Amino acid sequence: EGYLTGQLVNIGLSGVSIEPSLRAYQRAARRLVGLEREKIQLVNGTLESIPRASNFDLGCAFMVIEHLTEDVEFLRELKSRVKRNGNLLVAVPAGLDRWTYEDEIVGHVRRYSSDTLAEVLRRAGITESIKVVGVGFPFLNVTELIRNRIMQRRYRVSKSIGREERTADSGIWDKVGV
């Protein structure tokens, strides 16, 4: 919904922010209204919406690849849009053994361990300076039981919604019934 994009622009970065979900894109557009529009281009689409000739210093995929059946291919494509000495930042839900109702509700295909994420990055041709770090631990583990109870109730409602729709609305928690 544009929160992270706004934070990145506020620290001086500029670029393109891609949001495939129309609903999240519209919310991001409202959130980013006050920012210098020459610093950020907001696109309702996919990575393929950006010209292949685009060359960025930094490519980010925050809570994206766990929704994709072709995570390696997506990362290859993202890497192809980043300059030779540029950087990629990828954030994913961790813990192969930590699958919860929340994963079902938001349309995840998988979770990652440090090793499986590193392997996916290598298969995508990202082999230099891979550093996998964990964030949120141990606090998120403490709250997981509570979150999972809440998500279990939401899951009963969301089971009738397809994975693609759940993915499209994965960052929107005020959706009716979910």
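Residues numbered from 1 in each chain as written. Predicted model: local features only at pLDDT ≥ 70, side-chain atom pairs only at ≥ 80, totals over all residues. Heavy atoms only, no water.

### Describing the confidence of the model for the protein chain
Taken residue by residue, the protein chain gives an average pLDDT of 82. The fraction at 70 or more is 79%. At the level of individual helices and strands, the protein chain shows its lowest average pLDDT in helix H6 (residues 139–158), which scores 66, and its highest in helix H3 (residues 71–80), which scores 95. (pLDDT = per-residue confidence, 0-100. Helix = DSSP H or I, 4+ residues; strand = E, 2+ residues; numbered from the N terminus.)

### Here we look at helix H5 (residues 114–123)
At 3.6 residues per turn, the α-helix brings residues three or four places apart onto the same side. For H5, the full list of buried residues reads Leu117, Ala118, Val120 and Leu121. Seen from one end, H5 has its buried residues packed into an arc of 160 degrees, which puts them on one side. Looking one or two places after H5, you find Gly125, whose phi comes out positive at around 90 degrees. (Buried < 20%, exposed > 50% of the residue type's maximum accessible area, 1.4 Å probe, protein only. Arc of directions from axis to C-beta.)

### Structural notes on helix H1 (residues 3–10)
Along H1, the positions that sit buried rather than exposed are Thr5, Gly6 and Val9. Down the axis of H1, the smallest arc covering the buried residues is 100 degrees, so these residues share one side. The exposed residues of H1 that point more than 90 degrees off its buried face are Tyr3 and Asn10. For H1, the elements touching its buried residues are strand S1 (15–18) and strand S2 (40–43). Once H1 finishes, Gly12 follows within two positions and takes phi at roughly 105 degrees, a positive value. (Contact = heavy atoms within 4.5 Å.)

### As for a nonpolar patch on the surface
On the surface, a cluster of nonpolar side chains totalling about 740 Å² of accessible area is made up of Tyr3, Leu4, Ile11, Leu13, Leu58, Phe62, Met63 and Leu89. When residues of the nonpolar patch are traced back to their parent elements, those giving at least two are H1 and strand S3 (56–62). Assignment of secondary structure puts Met63 in the loop between S3 and H3. Here Met63 falls in the partly exposed class, since its relative accessible area comes to 45%. (Patch = residues over 30% accessible without salt bridge, like charges linked within 9 Å, V, L, I, M, F, W, Y side chains within 5 Å. Areas by Shrake-Rupley, 256 points an atom, 1.4 Å probe, with all protein chains shown as cover. Salt bridge = Lys/Arg side-chain N within 4 Å of Asp/Glu carboxyl O.)

### Things to note about the pattern of salt bridges
Think of it this way: side chains of opposite charge can pair up when their charged atoms draw near. Scanning the entire structure with this criterion turns up eight salt bridges. The partner of Lys83 in a salt bridge is Asp57, and the shortest N-O contact between them spans 3.2 Å. Linking Lys83 in strand S4 (residues 82–91) with Asp57 in strand S3, this pair joins segments that are 26 residues apart in sequence. Looking at Lys83, the relative accessible area reads 37%, which means it is partly exposed.

### Description of the pairing of S4
Where S3 and S4 come together, six bridges link them in parallel fashion. For Gly59, the partnering residue across the bridge sits in S4 and is Leu88. Considered for its hand, the β-α-β crossover made up of S3, H3 and S4 is right-handed. (Pairing = 2+ DSSP bridges. Right-handed = clockwise from strand over helix to strand, strands pointing away.)

### Re the packing of H3 against H5
For the pair H3 and H5, interaxial distance at closest approach is 8 Å and the crossing angle is 55 degrees. In terms of axis orientation, H3 runs oblique to H5. Like other packed secondary-structure pairs, H3 and H5 cross with a definite hand, here right-handed. In contact with Asp71, Val72, Leu75 and Arg76 of H3, H5 contributes Val120, Leu121 and Arg123. Taken together, the residues that form the contact of H3 with H5 break down as four nonpolar, no polar and three charged. (Axes fitted to C-alpha atoms, helices over the stretch in contact; angles between N-to-C directions. Parallel < 35°, antiparallel > 145°, perpendicular 65-115°, else oblique. Left-handed = near helix turned anticlockwise from the far one by under 90°. Nonpolar A, V, L, I, M, F, W, Y, C, P; charged D, E, K, R; others polar.)

### Here's the deal with the environment of Phe74
Secondary-structure assignment places Phe74 in helix H3. Residues Phe74 and Ala124, 50 residues apart in the sequence, show an inter-C-alpha distance of 8.2 Å. Non-local contacts of Phe74, meaning those with residues more than four positions away in its chain, are made with Leu47, Ala61, Val64, Ile65 and Leu68.

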